[in-house]
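Fold and geometry: a report
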Amino acid sequence: MSGEEEENAAELKIPDEFLKAKCLMNCEVALILEHKYEQLQQMSEDPMNQISQVFEKSLQYVKRFSRYKNPDAVRQVREILSRYQLAEFELSVLGNLCPETVEEALAMVPSIKTRGRAHDDDAIEKMLNDLSLIKKFE
């Protein structure tokens, strides 16, 4: 992206380093932090000595705002969203916010319609239905 262009996430006009970066959904971060938390507890007789308040608050935050709790469901969500050739940013936003309608999805991530992939409303609807099935059976 040239320095003269204005950034616009709605059109996915963001710097290249962000387009190429791996984005994680809150539920993925929760799994990582929970694993680290368990490791820290096992390594110390007094786990509170090694676990910072920032770490604990971060863990609480991602657990609270994670839409998916089951590790298999988290993996399935990423797999489903990856099928639609979404940018990492788009995938993370949709996985975190879980829109229920095509209109909500387009309001949250307008670039899924404008970025040359031309996902039609039916494809977006199918993607959202697949995600809701995971949530329903989790």
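Residues numbered from 1 in each chain as written. Predicted model: local features only at pLDDT ≥ 70, side-chain atom pairs only at ≥ 80, totals over all residues. Heavy atoms only, no water.

Formally: UniProt positions are given in the numbering used here, feature names are shortened, and annotations may be inferred rather than shown by experiment.
The protein chain is annotated in an unreviewed UniProt entry as DNA-directed RNA polymerase II subunit 4 from Olea europaea subsp. europaea. What the UniProt record of the protein chain gives under Subcellular location (unreviewed entry) is the line "Nucleus".

1. What to know about the pattern of salt bridges
Definition in use: For salt bridges, the criterion is a side-chain nitrogen of Lys or Arg within 4 Å of an Asp or Glu carboxyl oxygen. Runs of H or I in DSSP of at least four residues are treated as helices and runs of E of at least two as strands, each being numbered from the N terminus. Think of it in three bands: residues with accessible area under 20% of the maximum for their type are buried, residues over 50% are exposed, and the middle band is partly exposed, with areas taken using a 1.4 Å probe on protein chains only.
Tallied over the full model, the rule gives nine salt bridges. Put simply, arginine 78 and glutamate 28 hold a salt bridge, and the shortest N to O gap is 2.5 Å. With arginine 78 in helix H4 (residues 71-82) and glutamate 28 in helix H2 (residues 26-43), this residue pair connects regions lying 50 residues apart in the sequence. Aspartate 72 is the partner of arginine 75 in a salt bridge, and the nearest nitrogen-oxygen pair spans 3.9 Å. Of this pair, arginine 75 and aspartate 72 are both found in helix H4, three residues apart, which corresponds to roughly one turn of the helix. Look at arginine 75 and you get partly exposed, because its relative accessible area is 42%.

2. So, unusual backbone geometry
For glutamine 85, which is not glycine, the phi torsion reads 50° and is therefore positive. The residue glutamine 85 is located in the loop between H4 and helix H5 (88-97) in this model. Owing to a relative accessible area of 58%, glutamine 85 belongs among the exposed residues under this scheme. Unlike most non-glycine residues, cysteine 98 shows phi in positive territory, near 50°.

3. Brief notes about helix H8 (residues 121-137)
Put simply, the test is: Expected helix span is computed as 1.5 Å times (number of residues minus one). Here, the arc refers to the directions that run from the helix axis to the C-beta atoms. Any pair of residues with heavy atoms lying within 4.5 Å of one another is described as a contacting pair.
Here H8 spans 24 Å end to end across 17 residues, near enough to the 24 Å set by a 1.5 Å rise per residue. Taken as a whole, H8 has its buried residues at Ile124, Met127, Leu128, Asp130, Leu131 and Ile134. Buried residues of H8, seen end-on, are gathered within an arc of 155° and therefore sit on one face of the element. In H8, the exposed residues that point more than 90 degrees away from the buried face are Asp122, Lys136 and Phe137. Those residues of H8 that are buried lie in contact with H4, H5, helix H6 (102-108) and helix H7 (111-114).

4. What about the packing of aromatic side chains?
We apply this condition: Whether two aromatic rings pair depends on their centres lying within 6.5 Å, for rings of Phe, Tyr and Trp, where Trp uses its six-membered ring; planes under 30 degrees apart make the pair stacked, over 60 edge-to-face, and the rest tilted. Charge-over-ring placement is defined geometrically: NZ (Lys) or CZ (Arg) within 6 Å of the ring centre, and within 35 degrees of the ring normal.
For the structure shown, the criterion picks out two aromatic pairs. Residues tyrosine 37 and phenylalanine 55 carry aromatic rings whose centres are separated by 6.4 Å and whose planes lie at 10° to one another, so their mutual orientation is stacked. Of this pair, tyrosine 37 sits in helix H2 while phenylalanine 55 sits in helix H3 (residues 53-65), placing them 18 residues apart in sequence. Assessed through its relative accessible area of 16%, phenylalanine 55 is described here as buried. Taken together, a centroid distance of 4.8 Å and an interplanar angle of 50° make the contact between tyrosine 61 and phenylalanine 65 tilted. Here tyrosine 61 pairs with phenylalanine 65, and both are found in helix H3, just four residues apart, close to one helical turn. Note on phenylalanine 65: relative accessible area 37%, which makes it partly exposed. Lying over the aromatic face of tyrosine 68, lysine 135 brings its terminal NZ or CZ to 5.7 Å of the ring centre.

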